[in-house]
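Residues per chain, in single letters:
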Amino acid sequence: MTRESDLPTGIKRCSETLLAVPGMHCAGCISKIEHGLVAVSGVASARVDFGAKQVTVAHVPEMPAPALVAAFRQLGFEAHALVASGDNPEDARPLLRALGVAGFATMNIMLLSVSVWSGATGASRDMFHWLSAIIALPAVAYAGRPFFRSAWGALRVGRTNMDVPIAIGVILTTAMSLFETVTRGPHVWFDGATMLLFFLLSGRVLDATMRARARRGALSLMQSSAPGGYILDAQGVAHWMMAENMAAGMMLLVAAGDRLAADGVITQGTSRVDSSILTGESAPRAVTVGDQITAGMLNLSAPLTVRITAAGADRAIARLTRIMADASQSRAKYVRIADRAARIYAPAVHTLAALSFVGWMLAGAGWHEALLIGVAVLIITCPCALGLAVPVAQVVATGRLMRAGVLVKDGSALERLAQADRALFDKTGTLTMGAPLPQNIDALDGTNAQVALALAQANRHPLSQGLARSLTSRGVVPVPLTQIEEMPGEGIMARWGAVTVALARPQVTHDEEDDAAVDVTIADKVVAHIVFADQLRPDALKAIAKLRILGLESSILSGDNVQAVTQIARALNLTAQANARPQDKIDAVKHLTAAGAHVLMVGDGLNDGPALAAAHVSMVPSSASEVGQQAADIVFMGDGLMAVPQAVTVARRTQAIVVQNFVLAVGYNVLAVPLAVAGVVTPMIAALAMSLSSMIVVANSLRLARA
Amino acid sequence: MTGLSFLIPIALTMGLLGLTAFLWALDKGQFDDPEGSAMRILIDDEAEEPLP
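Bear in mind that the values here come from a model prediction, so they are computed numbers and not experimental data. (Residues numbered from 1 in each chain as written. Chains lettered and ligands numbered in written order. Predicted model: local features only at pLDDT ≥ 70, side-chain atom pairs only at ≥ 80, totals over all residues.)

Caption draft 1: Geometry of the overall build of chain B. If you tally the helices and strands in chain B, you get two helices and zero strands. Out of the 52 residues belonging to chain B, those deemed buried represent 2%. (Helix = DSSP H or I, 4+ residues; strand = E, 2+ residues; numbered from the N terminus. Buried ≥ 20, exposed ≤ 12 C-beta atoms within 10 Å, placed from the backbone.)

Caption draft 2: The arrangement of the pairing of strand β26 (residues 617–621) of chain A in detail. Residues and elements named next belong to chain A. Taking burial as the measure, the five residues of β26 include five buried ones, the bulk of the element. Because side chains alternate across β26, one face comprises the buried residues V617, M619 and P621, and the other comprises S618 and V620, equally buried. Strand direction decides the pairing type here: strand β25 (residues 599–602) and β26, joined by three bridges, are parallel. Across the sheet, the residue bridging to V602 is M619, located in β26. (Pairing = 2+ DSSP bridges.)

Caption draft 3: Highlighting helix α2 (residues 65–75) of chain A. Residues and elements named next belong to chain A. Taken together, the buried positions of α2 are occupied by A65, L68, A71 and F72. Projection of α2 onto a plane perpendicular to its axis shows the buried side chains occupying an angular sector of 115°, all on one side. Pointing more than 90 degrees away from the buried face of α2 are the exposed residues A70, R73 and Q74. Of the residues flanking the end of α2, it is G76, one or two places downstream, whose phi is positive at about 95°. (Arc of directions from axis to C-beta.)

Caption draft 4: Inspection of the confidence of the model for chain B at higher detail. Residues at a pLDDT of 70 or more form 83% of chain B, whose mean pLDDT is 79. Confidence metrics for the complex model read pTM 0.72 and ipTM 0.81. (pLDDT = per-residue confidence, 0-100.)

Caption draft 5: The sheet that holds strand β16 (residues 422–425) of chain A, seen in detail. All names here are of chain A. Read across the open sheet, the seven strands follow the order β15-β27-β26-β25-β16-β23-β24; overall the sheet is mixed. A strand with exactly one partner marks an edge of an open sheet, and here the two such strands are β15 (406–408) and β24 (575–577). The average undirected angle you get between the axes of adjacent strands in this sheet is 20°. Helix α19 (residues 562–572) rests against β23 (553–557) and β24 of the sheet, and its axis sits at about 160° to β24. (Axes fitted to C-alpha atoms, helices over the stretch in contact; angles between N-to-C directions. Contact = placed C-beta atoms within 7 Å.)

Caption draft 6: Here's a closer look at the packing of helix α14 (residues 411–419) of chain A against helix α23 (residues 643–678) of chain A. All names here are of chain A. At their nearest, the axes of α14 and α23 sit 8 Å apart, and the two run at 105° to each other. In terms of axis orientation, α14 runs roughly perpendicular to α23. Counting all contacts with α14, which are made through L414, E415, L417 and A418, the residues of α23 involved are A647, V648, A651, R652, T654 and Q655. (Parallel < 35°, antiparallel > 145°, perpendicular 65-115°, else oblique.)

Caption draft 7: Structural context of the domain arrangement of chain A. Examined at the domain level, chain A breaks down into domain 1 (1–82), domain 2 (91–220), domain 3 (224–314), domain 4 (409–433 + 538–647) and domain 5 (435–535). For domain 1 of chain A and domain 4 of chain A, the distance between their C-alpha centres works out to 36 Å. (Domains from an automatic or database assignment.)

Caption draft 8: Inspection of the environment of A:L196 at higher detail. Among the structural elements, A:L196 can be located in helix α7 (residues 190–219). In this structure, A:L196 is in contact with A:V170, A:C382, A:C384 and A:M690, ignoring residues within four places of it in sequence.

Caption draft 9: Region of interest: helix α20 (residues 582–594) of chain A. Over its 13 residues, α20(A) extends 18 Å from the first C-alpha to the last, a length consistent with the 18 Å expected when each residue adds 1.5 Å. Just downstream of α20(A) lies A:G596, where phi reads positive at about 100°. (Expected span 1.5 Å × (residues − 1).)

Caption draft 10: Layout of the confidence of the model for chain A. Residues and elements named next belong to chain A. Chain-level statistics for chain A give a pLDDT mean of 81 and a share of 88% at 70 or above. Mean pLDDT in chain A bottoms out at strand β1 (residues 2–6), which sits at 44, and peaks at helix α4 (residues 122–143), which reaches 92. Low pLDDT (under 50) marks residues 220–224, which in the prediction has 16 contacts with non-local residues, meaning those over four places away or in another chain.

Caption draft 11: View of the packing of helix α12 (residues 367–381) of chain A against α23(A). Residues and elements named next belong to chain A. At a closest axis distance of 9 Å, the pairing of α12 and α23 adopts a crossing angle of 170°. Looking at the two axes, α12 sits roughly antiparallel to α23. Like other packed secondary-structure pairs, α12 and α23 cross with a definite hand, here right-handed. Contacts from A376, V377, I380 and T381 in α12 reach N669, A672, V673, A676 and V677 in α23. (Left-handed = near helix turned anticlockwise from the far one by under 90°.)

Caption draft 12: Spotlight on the interface of chain B and chain A. Each partner contributes residues to the interface: chain B has 19 residues there, and chain A has 19 residues. Sorting the residues of the side of chain B that touches chain A by element identifies α1 (2–27) and α2 (34–40) of chain B as the ones contributing at least two each. It is α1(B) that provides the largest number of residues to the side of chain B that touches chain A, a total of nine residues. Considered class by class, the residues forming the side of chain B that touches chain A number 13 nonpolar, three polar and three charged. (Nonpolar A, V, L, I, M, F, W, Y, C, P; charged D, E, K, R; others polar.)

In structure tokens, the structure reads:
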């Protein structure tokens, strides 16, 4: 994300770039990054957002994003420039502000109310009532706005939601209390009205914070996107440019190991590209002059010059995103449990209040007394505990899942996950690691392994990275190398002391699989031939079995070829569909949905995007493509697949707790409503009942954190 | 009664002060990155600006 802004220090014009830095762990990291970056020439300031693991860097516009990433690498941190995303994380600030106001009003009015309850009479009681009114009126007008707005929005289109009874209750209570104050009546309900707003706003704040937290977390995990690339100008000089500023006709230079930022046709160079993000196909594809390649592909072996045919919103990626937006229509129709409850609850409560009013009128009470009783019924039934029941349980559950490495984007995702009864898995990158890992790592030992690691670390080719990852995890320490040199399309060469060492494509073809193998050469002698393959995630089998116990039957839906899919399907004992295009995946999801299933889609690639959006609920690993992460409801971290059944279990427990909370809240109403209808509820009883029921619901929800 | 004319304004003023402080902190972005703020306490910035 780069935008221009004015700047205090000597630098005149200034751009801001947002980078994800997942490796920050402690105060030392914050200090090192903020101080270390300012020391880099061209950087004006750096500000760490630790919770989101992001850094906002202000720098001169001439400084390209790769230079910033390099500066981070110098400091010892891995960083990724982030692309501007369409949806801004929801801000909890206005709600927090309203909560502060409601809290202030509640406390001060309660102070005055307690004085009245303890026996203030006559002029002092009237004064307390007037003071309460002065505090309550602006507070209700300000803190009630989120509810009034939402209730009005629903009423205008002829629907009701949880906010309708809340808004009506608060407004009627406040109006009635004001009337009582003016006519010097004995009971006013300002404390009830503000306390209600305070409790309900707590629920809303929790809900918004949870959503903002998960969104920011997911944003910082986008790694597979290309924020920009080097564009050749008329003089043949390369300049860094952000992807959104590119246009058709420009010449894009793509180094080996870089991802394409735009669609185009190759004008120079021959290389291999990894298009697994787009198609799910695991084997690299050979491309040459005249071939069409699309944004998101990874250039593997040699630099390419590409004439851009489509950039920005015209890219194939962007088109897929639009298909996804259409596919997610069904999900928008999902009605959250709180709103479903409100559909029954609101009319029932309003009828009850109206009946009490009419009943007391018929019984011969004056309209004033009857109206007071009607208001008492409204305030005692106001869904205070109901408003807290869902958000508190969901916040506790998502907090717990987050600690386990599962990010839930919002509460509705948790509700939908609890309903899932069928699971579809993509293969590449979901059931498997999605990255080639060495199969015969034992062929390397001692110094051979150390040399191989040193070479592999110096290269960005997926095979090198896979080799480096598995050697590092075995505790191998690299040897120091000099004169590291990349041989495009071949491998990497260096000097280890006086010896020439290399990590390169096999010169002698062992079999057809030379795409997925490297030779480690020391002093012109091949010491090891390492074969790579995509591996199943470590606990895939266990996770599938656990899902089956939970009642979710799984199957595979992959874009890869039949042979590759069959192998995995057999290993996991699952049914599978191979060669599935994005449209086929959507169709499969729709077919199951039409048959009455609630589909959980687990995928990662861009080709899964539409299916992820169309499914009832979807999960992606954090290694997934940017589009996949945006389409999915839930992102899980780490290499394991156990996060999927774990999340399902937690979602179901949360749903059980939510239902319990509803029963508790409604049960309290069953006890309190007869009292209210009978006309014996005073403001004090209402205040006590309200806080008590809210506390019970919160306490019940907190059990989720311990289980 | 005279006690009230002191105590109530005092109580309200203190409450308002608390509210103002909260809103001020909110506007200054003090609730934006609670985790980071907890960490920043541990950074020894003083080392760079020697005490007078």
